[in-house]
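Now for the letters of each chain:
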Amino acid sequence: MDILQIASLLLVLAAAFGTVNYLFLKLPSAIGILIVALLASLAIMALDLVAPQLGVATEVRAVVKSIDFSEALLEGMLGLLLFAGALHVKLADLKGEWRVVALMATLGVGLSTVIAGFGFAWMTGMPIMIALVFGALISPTDPVAVLGVLRQANLKKSMETQIAGESLFNDGVGYVVFLVLVGVAFPALDAHGEAHGGGGLSAAAQLFLQEAVGGALLGVVLGFLTFRVMRRIDDYALEVLITLALAFGGYSLAVYLHLSGPVMAVCAGLLIGDVGSKYGMSETTRRYVDGFWQLIDEILNAVLFLLIGVEVFAVAFSVHGIVAGVFAIALALVARFVAVSVPVLLLRPFRGFSKGVIPIMTWGGLKGGISVALALSLPEGEWKPVILTATYVVVIFSIIVQGLTVAPLAKRLGREPELV
């Protein structure tokens, strides 16, 4: 299948499964599409067991494997999704919560990576450096899933900003940590799949700074230049096109320069969504830009969760992998609890927090497509099937179970008067 046929198939299936969910399941759109896609995939597998001569599962598996999920997300959809999410987080709100967001997106990701990595190594017997790679890919929360939940939870503004900001930034930081650890764990490859000779901790630290800081600077520079251009234009169609060019072109430029595309997309989106929206757009343009990116977010969201559901065909399930996955669910929750608790406890002497912030942010730290994409991008080896299976189990549990229960939890715990 060529790219046009694949895109057509994905859009048709996303629309069909979304319709089934809307008419019958009536669940949140993205989660409903994932559940319908997963059930359809499992039904095809069951049919293959009953009537293997039909070869339906084999055909579907071939189609799924022809779609490079990792490349499609990491080098295509992710930049647009992060840019769209960042557009709706205001810098003024983020300024009041920047300490919490910064600590959770850095210290929190580091703690989560270490806890999940060492725990997974103890459980599976995996070499510690490879297990830390698993810890890094399972630590970032999925901004697509998290921001979708926020729309239903009706949280107080400060907590909403903490969750949204942390989710956007820990995605980029977690991706950079993953790239660094892959370069250490698989010394034959660097973070971008090119041959190199290792380099140890100093090279890893240099790579982290290059990716994270370089990505942030590129995002700010491109966002500012785009803002300056948009100030001189009053044509909503052209300005929408310019924001699309910024998200697409900036992400591609970041990848080309070996900088962090996710961090670039978040920084550029924050600048355009706040400064650009206030001073560079007319009211008409602002309305069209917001509406366009909301539609992009919803459509890509639907396609992404559809892909997660059908990626079950790409996972080589085994008893060992499933047991590791069940263990990894608890491990990921413990790691997330520590990643949230430590920054909150460190800052609590200096500021107040809403009641329920730790349980809400722990249970609301949903894993999603980026974790599956990173697992699929790993070099082939003895431990990749176990990592991929465990990652998929954690992501499915997180999106379905946590995703469907975090809004009621947030509504129950997140409406007390703030202490600040």
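Residues numbered from 1 in each chain as written. Predicted model: local features only at pLDDT ≥ 70, side-chain atom pairs only at ≥ 80, totals over all residues. Heavy atoms only, no water.

### Comments concerning the overall build of the chain
Heads up, the condition is: Secondary structure follows DSSP: runs of H or I at least 4 residues long count as helices, runs of E at least 2 residues long count as strands, and numbering of each begins at the N terminus. All radius of gyration figures rest on C-alpha atoms, and the globule criterion is 2.2 Å times the number of residues raised to 0.38. For every residue, the accessible area obtained with a 1.4 Å probe (protein chains only) is divided by the maximum for its type, and the residue is called buried under 20%, exposed over 50%, and partly exposed between those limits. Here, residues are in contact when the closest pair of their heavy atoms is within 4.5 Å. The Shrake-Rupley method, run with a 1.4 Å probe sphere, supplies the accessible areas, and residue values consider only the shown protein chains as cover. Charged-residue counts in this description rest on Lys and Arg as positive and Asp and Glu as negative, His and the chain ends being excluded. For this purpose, a charge sits on NZ of Lys, CZ of Arg, CG of Asp or CD of Glu.
In terms of helices and strands, the chain carries 17 helices and zero strands. The C-alpha radius of gyration computed for the chain amounts to 21 Å, which stays within 12% of the reference 22 Å derived for 420 residues, consistent with globular compactness. In terms of principal-axis extent, the alpha carbons of the chain reach across some 65 × 50 × 45 Å. Relative to its 420 residues, the chain shows a buried fraction of 54%. Contacts spanning at least 24 positions in sequence make up 81% of the contacts within the chain whose residues lie at least 6 apart. Accessible surface computed for the chain: about 18000 Å², of which carbon and sulfur atoms make up 69%. Put simply, the chain has 24 plus and 28 minus side-chain charges, and the middle of one group is 12 Å from the middle of the other.

### Focus on helix H11 (residues 236-256)
As a reminder, the rule being used: To estimate how far a helix should reach, multiply one less than its number of residues by 1.5 Å.
Here H11 contains 21 residues, and its C-alpha end-to-end distance of 30 Å stays within 8% of the 30 Å for a straight helix at 1.5 Å per residue. Among the residues trailing H11, His-258 stands out with phi positive, at a value near 60°.

### Some remarks on the confidence of the model for the chain
Spelled out, the test is: How sure the predictor is of each residue is captured by pLDDT, a score from 0 to 100.
For the chain, per-residue confidence averages 89 on the pLDDT scale, and 93% of positions sit at 70 or higher. Ignoring residues within four places in sequence, the model shows residues 189-198, a span with pLDDT below 50, making 19 contacts including any to other chains. Low pLDDT, under 50, characterises residues 416-420; the stretch is placed with nine contacts to residues that sit more than four places away or in other chains.

### Quick word on the domain arrangement of the chain
Often, the extent of an interface is quoted as the loss of accessible area on bringing the components together. Keep this limit in mind: Note: domain ranges come from an automatic or database domain assignment. Here the buried area means the combined drop in accessible surface, using a 1.4 Å probe, for two parts upon being joined, counting both sides. We define a salt bridge as a contact between a side-chain nitrogen of Lys or Arg and a carboxyl oxygen of Asp or Glu at a distance within 4 Å. Any N or O atom pair separated by 3.5 Å or less is treated as a polar contact, with the protein-specific requirement of one donor-capable and one acceptor-capable atom, and with residues adjacent in sequence counted only for side-chain atom pairs.
By the assigned domains, the chain splits into domain 1 (3-65) and domain 2 (69-414). On a C-alpha basis, the centres of domain 1 and domain 2 stand 26 Å from each other. The interface of domain 1 with domain 2 comprises 22 residues on the first partner and 21 residues on the second. Of the roughly 1900 Å² buried between domain 1 and domain 2 on both sides combined, carbon and sulfur atoms contribute 86%. Contact with domain 2 buries area across many residues of domain 1, yet Ile-31, Leu-34 and Val-64 alone supply 29% of it, more than any other trio. Run the count over domain 1 and domain 2 and you get zero salt bridges. Counting every contact that joins domain 1 to domain 2 gives one residue pair in polar contact (both at pLDDT 80 or more). Every element with two or more residues in the side of domain 1 that touches domain 2 is listed here: helix H1 (3-25), helix H2 (29-50) and helix H3 (56-66).

### Points about the nonpolar core
Nonpolar side chains tend to gather and get buried jointly when the protein is soluble and globular. Rule in force here: Put simply, buried Ala, Val, Leu, Ile, Met, Phe, Trp, Tyr and Cys residues joined by side-chain atoms within 4.5 Å make one nonpolar core.
Leu-73, Phe-120, Leu-137, Phe-178, Ile-308 and Ile-387 are the most contacted members of the largest nonpolar core, which has 129 residues in total. Each of domain 1 (3-65) and domain 2 (69-414) gives at least three residues to this core.

### Some remarks on the packing of H1 against H2
Applied cut-off: The angle between two axes is taken between their N-to-C directions and runs from 0 to 180 degrees, where each axis is a line fitted to C-alpha atoms and a helix contributes only its stretch in contact. Angles below 35 degrees are treated as roughly parallel, those above 145 as roughly antiparallel, those between 65 and 115 as roughly perpendicular, and all remaining angles as oblique. Note on residue classes: Ala, Val, Leu, Ile, Met, Phe, Trp, Tyr, Cys and Pro are nonpolar, Asp, Glu, Lys and Arg are charged, and everything else, Gly too, is polar.
Packing of H1 against H2 brings their axes to within 8 Å, and their N-to-C directions diverge by 105°. Taken together, the axis directions place H1 and H2 in an arrangement best described as roughly perpendicular. In this structure, H1 uses Ala-14, Phe-17, Gly-18, Val-20, Asn-21 and Leu-25 to contact H2, whose residues at the interface are Ser-29, Gly-32, Ile-33, Ile-35, Val-36, Ala-37 and Ala-40. A class-by-class count of the residues in the contact of H1 with H2 yields nine nonpolar, four polar and no charged.

### Concerning the packing of aromatic side chains
For clarity, the cut-off: Pairing of aromatic rings covers Phe, Tyr and the six-membered ring of Trp, with a centre-to-centre limit of 6.5 Å; geometry is then stacked below 30 degrees between planes, edge-to-face above 60, and tilted otherwise. For a ring to carry a charge above it, either NZ of a lysine or CZ of an arginine must fall within 6 Å of the ring centroid while also lying within 35 degrees of the normal to the ring plane.
Under the definition given, this model contains eight aromatic pairs. Judged by centre distance (6.1 Å) and plane angle (50°), the rings of Phe-224 and Phe-227 are tilted. Of this pair, Phe-224 and Phe-227 are both found in helix H10 (residues 200-231), three residues apart, which corresponds to roughly one turn of the helix. In this structure Phe-224 comes out as partly exposed when scored by relative accessible area, which is 42%. Relative to Tyr-288, the ring of Tyr-236 lies with its centre 4.0 Å away and its plane at 15°, an arrangement referred to as stacked. Taken together, the positions of Tyr-236 in helix H11 and Tyr-288 in helix H13 (residues 283-310) put the pair 52 residues apart, joining distant regions of the chain. Stacked on the ring of Tyr-22, the Lys or Arg Lys-26 has its end atom at 5.9 Å from the ring centre. Sitting over the face of the ring of Phe-353, Arg-351 holds its NZ or CZ atom 4.5 Å from the ring centroid.

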